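# Architecture and fold: a report
Here's the letter readout for the chains.
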Amino acid sequence: LPKKLGPATMVSVGQKYDGERLQLHVFPSTGPDLDPTASVPRYRRDGVEYRIFSRGGNNSTFRRALALPALAAALGHIVKDLGASPEQRSLADAHGDALRAAADARAQPVQSAILDAEVLVYDRERGQVEAFGFVQSMAPSNTASMEAVREGKKNLLVAVFDVLYLNGRDLVYEDAPLREREALLRATVETIPTFVEVIATGHMRADNEEALLVSL
């Protein structure tokens, strides 16, 4: 790094998960609440819509529907029916009260945003993230995966690492510095351990070999 970037160059270091890339789009949307289906991949609660897109730009809202209630809650929208379905009981049991308190303390829920993230599978029995192959099968169409979710054995974990748009601000167009985006991300996304987490980053000089090795 020092030879390529220069010894005094500051670099940002964060954990890279071996997950599936996703981009979450959040925007105001009038109309009744919607649950995503294969033919209509849209999720709407209380006038706010959430759509998930893959790295290739495909609409993955239905395929990644298991992650949506937790993402909505992490942005200050407490879904009224949180925990109503068997797939969401582990989230409601573990974090429901804390999420409601956090939402009550928030001045205003997020109204519009674009977040970059990785989605992974968390094994609740083993207390660890599963290998990449598991995330491919964790979808509403997979009977075995859905059974594991209903039994509270597994859930989707979304690791968020960047915010590109927030409440009307186009941070990409503004060329907002990375540190500003990181600060906005931490202030915007409420961490829900093992469901929605913000990837921590560190900043150091490119020639600080000891610090770089510690961060790995």
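Heads up: these notes are all about the structure in this document.

Thresholds applied
- Residues numbered from 1 in each chain as written.
- Predicted model: local features only at pLDDT ≥ 70, side-chain atom pairs only at ≥ 80, totals over all residues.
- Heavy atoms only, no water.
- Core = buried A, V, L, I, M, F, W, Y, C linked by side-chain atoms within 4.5 Å.
- Buried < 20%, exposed > 50% of the residue type's maximum accessible area, 1.4 Å probe, protein only.
- Helix = DSSP H or I, 4+ residues; strand = E, 2+ residues; numbered from the N terminus.
- Contact = heavy atoms within 4.5 Å.
- Expected span 1.5 Å × (residues − 1).
- Bend = angle between axes of the 7 residues up to and from the residue.
- Salt bridge = Lys/Arg side-chain N within 4 Å of Asp/Glu carboxyl O.

What follows deals with the nonpolar core. Membership of the largest hydrophobic core comes to 41 residues, with the highest contact counts inside it found for Leu24, Tyr50, Leu75, Leu115, Leu156, Ile192 and Val196. Taken together, the elements giving at least two residues each to this core come down to β2 (20-28), β4 (48-54), α2 (68-74), α3 (89-105), β5 (113-123), α5 (143-150) and β7 (154-166). In contact with valine 196, not counting residues within four places along its chain, are Ala70, Leu71, Ala74, Leu157, Val158, Val160, Val189, Glu190 and Thr191. Residues Tyr17, Leu120, Tyr122 and Ile199 belong to the second largest nonpolar core, which totals six residues.

Let's shift gears to α3. Along its 17 residues, α3 runs 23 Å from first to last C-alpha, staying within 8% of the 24 Å computed at 1.5 Å per residue. Taken as a whole, α3 carries its principal kink of about 70° at histidine 95. Listed as buried for α3 are Ser90, Leu91, Ala92, His95, Gly96, Leu99 and Ala103.

Along the polypeptide, phenylalanine 132 turns up in helix α4 (residues 132-137). Along the sequence, phenylalanine 132 and valine 121 sit eleven residues apart, while their C-alpha atoms lie 8.1 Å from each other. Those residues in contact with phenylalanine 132, other than ones at most four positions away along the chain, are Asp18, Gly19 and Glu20.

Before going further, it helps to spend a moment on the pattern of salt bridges. Considering all chains together, one arrives at 15 salt bridges under this definition. Aspartate 123 is paired through a salt bridge with lysine 154; the nearest N and O atoms lie 3.1 Å apart. One end of the pair, aspartate 123, is in strand β5; the other, lysine 154, is in strand β7, with 31 residues separating them in the sequence. Taken individually, aspartate 123 and lysine 154 each receive the classification buried, so the pair is uniform in this respect. Here the salt bridges share partners, and the residues they tie into one network are Arg42, Arg44, Glu49 and Arg51.

Next up on the list: the environment of leucine 71. As for its placement among the helices and strands, leucine 71 is situated in helix α2. Residue classification places leucine 71 among the buried positions, given a relative accessible area of 3%. The spatial distance from the C-alpha of leucine 71 to the C-alpha of valine 158 is 8.0 Å, given a sequence separation of 87 residues. When near neighbours in sequence (up to four residues on either side) are disregarded, leucine 71 contacts Leu24, Ile52, Val158 and Val196.

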